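# Tertiary structure, described
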Amino acid sequence: MASAMKWWKERWRGAGGGREGAGSGSNEAESRVIHCNRPDLNSSFWYASNRTSTTKYTWYSFLPMSLFEQYRRAAYWYFTAMAILSLLSFGPYSPISLWLPLLFVLALGILRDFAEDLRRSRGDKEVNSRPILVHTGGGQFEEKQWKHLRVGDIVKVTDGNYFPSDLLLLSSSTTDGVCYVETMNLDGETNLKVRQALESTWDVGGKKESVLENFEAVLEYEGPNPSLYTFVGTLRLEDGQTFPVGPSQLLLRDSSLQNTGSILGAVVYTGHDTKVMQNSLPPPSKRSRVDHTLDKIIWAMFAVLLLVSVLTAVLLAVRTKNAGTDPWYLQPTIRDSYYNPNKAAVAGIISFLNSLILYGYFIPIALYVSLEIVRVIQARFIAADIHMYDPITNKAAKVKSAGLNEELGQVDTIFSDKTGTLTCNQMDFFRVSIAGVAYGIGTTEVERAAKQLGLALGGDPSPRDPKDNLLRLSSDRKAELQGSINMMDDNNNYGPDNNPYREKGFNFYDPRLLGGNWIHEPSSQNIQFFMQILALCHTAIPDGIPEDPASMRYRAESPDEAALVVAAKQFGFYFYKRTPTMLHVRETVSPNSNPVDQVYQLLNVLEFSSARKRMSVIVRFPDGRLLLLSKGADSVMLQRVDKNKSGFVKETNKHLKDFGEVGLRTLVVAYRQLDEEEYRKWQAKYAEARATVGRERDLHIEELADEIEQGLTVVGGTGVEDKLQDGVPEAIDRFARAGIKIWVLTGDKVETAINIGYACSLLRHGMDNLLVSLEGPEAHALEERATRDNLSRDEIAEEQKAFVGRKLSEALDLVLTHHENLRESMSSAKATVGIGDLSDQIGDAADYPLRKPDQHSHAIEYALVIDGVEGAQAAMAADYAISQFRFLERLLLVHGRWCYRRISLMILYFFYKVCMLGFIAFLCNCFAFFSGNPFYNDWYASCYNTVFTALPVCVIGVLDQDVSAAEALRYPELYRSGQRGEMFNKRSIFGWLLNSLYSSAIIFFFPLAVYSGLSAIRPGGQVSSIQDYGAGMFTVLVLVPNLQLYMAVQYFTWIHHLAICASIAIWYLFIIVYGALPPLWATNAYKEFVEVLAPSASYWLLQAVVIVITLLPEYLFRSLKWALYPSDYQIVLECTKLERKQTSKQQHRV
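Residues numbered from 1 in each chain as written. Predicted model: local features only at pLDDT ≥ 70, side-chain atom pairs only at ≥ 80, totals over all residues. Heavy atoms only, no water.

Naming follows an unreviewed UniProt entry, where the chain appears as Phospholipid-transporting ATPase of Sphagnum jensenii.

## Quick notes on the overall build of the chain
A count of helices and strands for the chain gives 38 helices and 30 strands. A buried classification covers 51% of the 1150 residues belonging to the chain. Once local pairs closer than 6 in sequence are excluded, the contacts in the chain between residues at least 24 apart make up 72%. Accessible area for the chain stands at about 52800 Å²; split by element, carbon and sulfur atoms hold 58% of it. (Helix = DSSP H or I, 4+ residues; strand = E, 2+ residues; numbered from the N terminus. Buried < 20%, exposed > 50% of the residue type's maximum accessible area, 1.4 Å probe, protein only. Contact = heavy atoms within 4.5 Å. Areas by Shrake-Rupley, 256 points an atom, 1.4 Å probe, with all protein chains shown as cover.)

## Quick notes on the layout of surface pockets
Roughly 1200 Å³ of volume is contained in the second largest pocket. Lining the second largest pocket are 38 residues, and of these Trp992, Phe1117, Arg1118, Lys1121 and Ser1127 sit closest to its centre. Elements with a minimum of two residues in the lining of the second largest pocket: helix H27 (887-926), helix H32 (986-1010), helix H33 (1026-1048), helix H37 (1097-1124) and helix H38 (1128-1149). Residue contributions to the lining of the second largest pocket peak at eight residues, all from H37. Taken together, the residues of the lining of the second largest pocket break down into 18 nonpolar, ten polar and ten charged. (1 Å grid on protein atoms, 1.4 Å probe; cavity = no way out; pocket = protein on both sides within 12 Å on 5 of 7 lines; lining within 4 Å. Points joined across faces, edges and corners; volume = space filled by probe spheres on them. Nonpolar A, V, L, I, M, F, W, Y, C, P; charged D, E, K, R; others polar.)

## A closer look at the side chain of Gln278
Along the chain, Gln278 falls in helix H8 (residues 275-278). In this structure the side chain of Gln278 is engaged in a polar contact, spanning 3.0 Å, whose partner is the backbone oxygen of His272. (Polar contact = N/O pair within 3.5 Å; in protein donor to acceptor, adjacent residues only side chain to side chain.)

## So, the sheet that holds strand E16 (residues 423-434)
Strand order in this open sheet of nine strands is E17-E16-E26-E25-E24-E23-E22-E21-E20, and the pairing throughout is antiparallel. Either end of the sheet is taken by a strand with one partner, and the two such strands are strand E17 (437-439) and strand E20 (573-578). Each strand of the sheet is rotated relative to its neighbour by a mean of 30°, with strand direction disregarded. Against the sheet, helix H19 (residues 676-690) touches strand E22 (596-606), strand E23 (614-620), strand E24 (626-632) and strand E25 (665-673), its axis set at about 50° to E22. (Pairing = 2+ DSSP bridges. Axes fitted to C-alpha atoms, helices over the stretch in contact; angles between N-to-C directions.)

## Quick notes on unusual backbone geometry
Of note, Asn37 is a non-glycine position whose phi angle comes to about 70°, a positive value. Structurally, Asn37 can be placed in the loop between strand E1 (31-36) and helix H2 (39-42). The backbone phi angle of Thr1083 is positive, close to 50°, even though this residue is not glycine. Checked against the element boundaries, Thr1083 lands in the loop between helix H35 (1079-1082) and helix H36 (1088-1093). Accessibility expressed as a relative area gives 42% for Thr1083, which makes it partly exposed.

## Considerations on the environment of Thr1110
Note on placement: Thr1110 falls in helix H37. Placed 114 residues apart in sequence, Thr1110 and Ser996 show a C-alpha to C-alpha distance of 9.8 Å. In this view, Thr1110 contacts Tyr998, Ser999, Ile1002, Ile1003 and Val1040; residues no more than four positions away in its chain are not counted.

## Description of the packing of aromatic side chains
Between two aromatic rings, the relevant description is the distance of the centres plus the angle of the planes. A full pass over the atoms with the stated rule returns 48 aromatic pairs. A centroid spacing of 5.9 Å and a plane angle of 65° characterise the contact between Tyr359 and Phe922, whose relative ring orientation is edge-to-face. Here Tyr359, found in the loop between helix H10 (344-358) and helix H11 (365-383), pairs with Phe922, found in helix H27; they are 563 residues apart in sequence, far enough to count as distant. The interplanar angle of 85° and the centroid separation of 6.1 Å between the aromatic rings of Phe1089 and Trp1100 together place this pair among those described as edge-to-face. (Phe/Tyr/Trp six-rings, centres within 6.5 Å; stacked < 30°, edge-to-face > 60°.)

## Things to note about the nonpolar core
Core analysis: the largest hydrophobic core is formed by 104 residues, its most contacted members being Ile907, Phe911, Tyr936, Tyr940, Ile1003, Phe1034 and Trp1067. Aside from chain neighbours lying at most four places away, what touches Trp1067 is Tyr940, Phe948, Ala1031, Phe1034, Thr1035, Val1038 and Tyr1099. Residues Ile434, Phe575, Leu602 and Val619 belong to the second largest nonpolar core, which totals 51 residues. (Core = buried A, V, L, I, M, F, W, Y, C linked by side-chain atoms within 4.5 Å.)

## With respect to the pattern of salt bridges
Scanning the entire structure with this criterion turns up 33 salt bridges. Note that Glu406 is salt-bridged to Arg375, the shortest N-O span being 2.4 Å. Of the two residues, Glu406 sits in the loop between strand E14 (398-399) and strand E15 (411-417) while Arg375 sits in helix H11, which places them 31 residues apart along the sequence. Each member of the pair, Glu406 as well as Arg375, is classed as buried. Here Arg680 ties to Glu677 by a salt bridge, and the two come within 2.3 Å at their closest N and O atoms. Note that Arg680 and Glu677 are positioned in helix H19 at a spacing of three residues, about one turn of the helix. Each of Arg612, Arg614, Arg640, Asp706 and Glu709 takes part in a single network of salt bridges with overlapping partners. (Salt bridge = Lys/Arg side-chain N within 4 Å of Asp/Glu carboxyl O.)

## Focus: empty space enclosed by the protein
Tallied over the full model, the rule gives six cavities of 30 Å³ or more. Surrounding the largest cavity, 14 residues form its lining, Phe79, Pro101, Tyr361, Ile365 and Ser942 being those nearest its centre. At the level of elements, helix H5 (95-128), H11 and helix H28 (938-948) are the ones that each hand at least two residues to the lining of the largest cavity. Across the lining of the largest cavity, the residue classes break down as ten nonpolar, four polar and no charged. Empty space within the second largest cavity amounts to approximately 80 Å³. Along the wall of the second largest cavity there are 13 residues; nearest its centre are Glu445, Val446, Gly663, Asp722 and Ile756. At the level of secondary structure, the elements contributing two or more residues to the lining of the second largest cavity comprise helix H12 (445-453), strand E26 (713-724) and helix H22 (750-759). Of all the elements, E26 adds the most residues to the lining of the second largest cavity, at four residues.

## Focus: the pairing of E24
Within E24, seven of the seven residues are buried, which leaves the element mostly enclosed by the surrounding structure. Covered by surrounding structure in E24 are Leu626, Leu628, Ser630 and Gly632 together with Leu627, Leu629 and Lys631, the residues of both alternating faces. Relative to E24, E23 runs antiparallel, the two being bridged by seven bridges. Each residue of the ladder has a partner; that of Arg614, found in E24, is Gly632. Bridge analysis of E24 against E25 gives six bridges, and the strand direction is antiparallel. Residue pairing across strands places Ser630 opposite Ala670, the latter belonging to E25.

## What to know about helix H34 (residues 1054-1075)
Taking 1.5 Å per residue, 22 residues should reach 32 Å; H34 reaches 31 Å between its end C-alpha atoms and fits that length. For H34, the set of buried residues is His1056, Ala1059, Ile1060, Ser1063, Ile1064, Trp1067, Tyr1068, Phe1070, Ile1071, Tyr1074 and Gly1075. Taken down its axis, H34 places every buried residue within 165° of arc, on the same side. Among the exposed residues of H34, those pointing more than 90 degrees away from its buried face are Trp1054 and Leu1069. Tucked inside the fold, the buried residues of H34 contact H28, helix H29 (950-959), H33, H35, H36 and H37. (Expected span 1.5 Å × (residues − 1). Arc of directions from axis to C-beta.)

## Notes on the packing of H27 against H32
One way to put it is that H27 packs onto H32 with a least axis distance of 8 Å and a crossing angle of 40°. Between H27 and H32, the interaxial angle falls into the category oblique. As H27 runs across H32, the sense of the crossing is right-handed. Seen from H27, the contacting residues are Leu905, Leu908, Tyr909, Phe911, Tyr912, Cys915, Met916, Phe919, Ile920, Leu923 and Cys924; seen from H32, they are Ser988, Ile989, Trp992, Leu993, Asn995, Ser996, Leu997, Ser999, Ser1000, Ile1003, Phe1004 and Phe1005. For the contact of H27 with H32, the per-class residue count stands at 18 nonpolar, five polar and no charged. (Parallel < 35°, antiparallel > 145°, perpendicular 65-115°, else oblique. Left-handed = near helix turned anticlockwise from the far one by under 90°.)

## Thoughts on the packing of helix H9 (residues 289-323) against H11
Relative to each other, H9 and H11 sit at 165°, their axes nearing to 13 Å. One element, H9, and the other, H11, form an angle in the roughly antiparallel class. Regarding H9 and H11, the two cross each other, and that crossing is right-handed. Touching Asp291, Leu294, Asp295 and Ile298 of H9 are Leu367, Tyr368, Leu371 and Arg375, all from H11. Residue composition of the contact of H9 with H11, grouped by class: five nonpolar, no polar and three charged.

## Some words on a nonpolar patch on the surface
Taken together, the side chains of Phe104, Leu108, Ile373, Ile377 and Phe381 make up a nonpolar region of the molecular surface, amounting to roughly 420 Å² of accessible area. Every element with two or more residues in the nonpolar patch is listed here: H5 and H11. Looking at the secondary structure, you find Phe381 in helix H11. When its relative accessible area of 43% is taken as the criterion, Phe381 is described as partly exposed. (Patch = residues over 30% accessible without salt bridge, like charges linked within 9 Å, V, L, I, M, F, W, Y side chains within 5 Å.)

See the structure below:
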């Protein structure tokens, strides 16, 4: 029972019933004990099954939960209450006319939820039914479905397949227990990760079936938690031996096995306990500011509705009391009459309830459904935009949060990562510094941009002209290289653009090094050693045919690392094979010599991390030397240099600074020769640290790595170029013209960041550049205090955060002191969008905080991902995803602006038409002694929003364009109207409501004058009845809002005209068909149109007169405003017309 309660507690807290709370990590501190290959012994622990579910509902919770989602909107509660009140005898409308529209709207929402959850359910079924080989005893495997796996099962996964759960790697088809794993579905990275089983379990699953049959072990490890990169446990074998296990032995669900025949693994986490499911949190609920404003309007309409209902109730109560029995037709003397003068208060209460139903059309319940439909269609149009399709990656735009479409038209600030977002994330080896000499010819994008802008980059950068290189060479070398220089001059296009050695990751050109010419350099031994370091100091995995270097590709943890290995290959040091303990390099030391295969013993790998900013390997060379080879950022590498044997620190530092100024990413390359005894002692401590079980394991390993990475000797440095994506400078320039502020996060040097900022138009002439540096006395004092007080890493991090925050605050205050308008704009900040390749560890848009709204702020934050070569997982979690940064300008300046305008116009128009119906209902009640008896058939009112006027407004919400896409991009300043909220603000809302009040008065009183007995209406000369007046008035009430769209919209297609004409035709068709029904169904509309309205000339004349009187003032107002106070888009339209006329005249003259 205790185990069952524990299991239930875990499910409730950690997995949220298998869905919503997954990933909370509530039971992270609890450890587990499982028996490998004996799942029957684990059944008592009540571990989760391997069945996963991403559905929002279950079969029994679907209907109530879906209804709960619908009724989160106050309008639904109101209409449900009104539908219930209509069941009472005094209701103004028949119950069915209120219940049917309500049920229709609810059914649409429920069907939408059902379709979405059905799609999720089918995906879950496909995943849960995937086959997997499970050991069933006797060394035999049986194929089972994923959902039937249990903790402790031994499974076999073959090459190319996904891991069905989190597994502990036991053995591999390779002899050294190594397998290669692709984690693209987890972190978006396409490079392969190396996982290696414990040596003590390598023979499990080998040729001897008895080993697997008799294998048993007890694994004690941490409980389920969402951390993808940590795992701590201890494996105890039958013979009593105990071995620590960690992330290197953990295979995560939804990652795949690559370049490995097969592996055996023990199931450790299943179902919603797996790390990927623990990270599968439901996305936060986000609503646009338009939705928030809409809520306020709805509440305001509620207030108006209550006020009018109270006013009606009071007036009826007073009139009932004062009139006594004079209104005999209301039968006030009958017992239980609602109009009994002795019960005026009761009459008032009944009138109040009656009015809530009668005026209920002030609350537009159909608006919510229309908005959802329109936003989904808008999202489809965005995804189908061919101008945002990238043929290279075969990816189009993706929309995950259609409810935020209009926010794309009001973006105020962009937070962006640089690498992979503004750049291609395709690193090319471009320049290098070896033994104090800089190599590399060519011009970077930053240099070209600086030349165009007339900027001086400073310093003495690495030589860009090969003729300059000759000045530094001996006479023999000058003669030797002159031929290749002249050849380049003949082509008049030397450098990287005409480079026969160019390949992916390598864009370097310098005749002093290429083609084996480096052997003739004075420092050839240093160059050879430098290239050996590049070929050895990495964690890349070769993928190709060893005998064909051109086919070899490297799966590295970053594109930078792959570029360095490719560079080593191009210089004659071809890394082609890797084992856990050996590195194989084919070295060519001169153009005329045969390549020699060298095998280096790999002893340790000290991996890169964002905190360390470096990586190292300890390698034993074939000649017996024991060396630590290291590469990393100069900010950390130069601190670890041996002062007595520093190497080429001064020259390398200068060259790297020059490289950084021209936009290159730089690394320092260094080494240290280790003493055998020193290494032996260090290795013992390192092995002990790796065997530690607990959270302090990583801390001990990092401390020991820092201990041995001291006393380095600098050999040189590298410069790698990450080119900007196409169209980035133009896009950023348009964003600046559109009034969008851009923040770019980068880990580059200050000089590199500034120059790249100019290259991509982020920084421009005339800007005040403010540099906030952490290298001053205050920062050094902070470091000294941390050392003196022996602060922990967390305490140091908090101190640094506080220091950075204080410096940024001081900097912003300084800027705002001189720019009051900027202070005002920041105080009224609008929407914020964070974009970036969320898979990057540095510059991760998920890690740096988007602005969080406090109680005084109404900022909207949402994530947009550049879903390029990597970032697949980030794209799944983002609100929007595009494959190139340049597509962002079309997404915001075109689609965003259109969506904001469309949604705003749609909401304003909706309130315009419903308020007309509400005001007319009030006027009708005033003329009906506040009795609550409407002048028109209740079905007219029920179908008014959902049928007679629904189609045109939806077409407007999908297709409206004030300017074309080309004009929106040509004039980015048009975007500022959305930032200022010009389309949807208090003024526009008040203007539309005022127009609604005027229109409703005209629509009510003009038909009243015509049908009030002043003239004969019926063919027999009879005057009109109340239902004649109601039908005639309602005809105009349908025509006016439909034709009103011709006043509000400038862009029309045949679809617009069809929607408007179809809506009007539907009204006439409805009144004919409905009037043809039996009198029991048609009630007072029986043959109303055929026998009364259609034969009457005044009915048709009334429509024309009322339409003109209603719409003419609006037409005149809009025309005068266009002529005297035009909006930005109106000016653009006039300019476009003028340009077309001028072009037409020129063509005519020709």
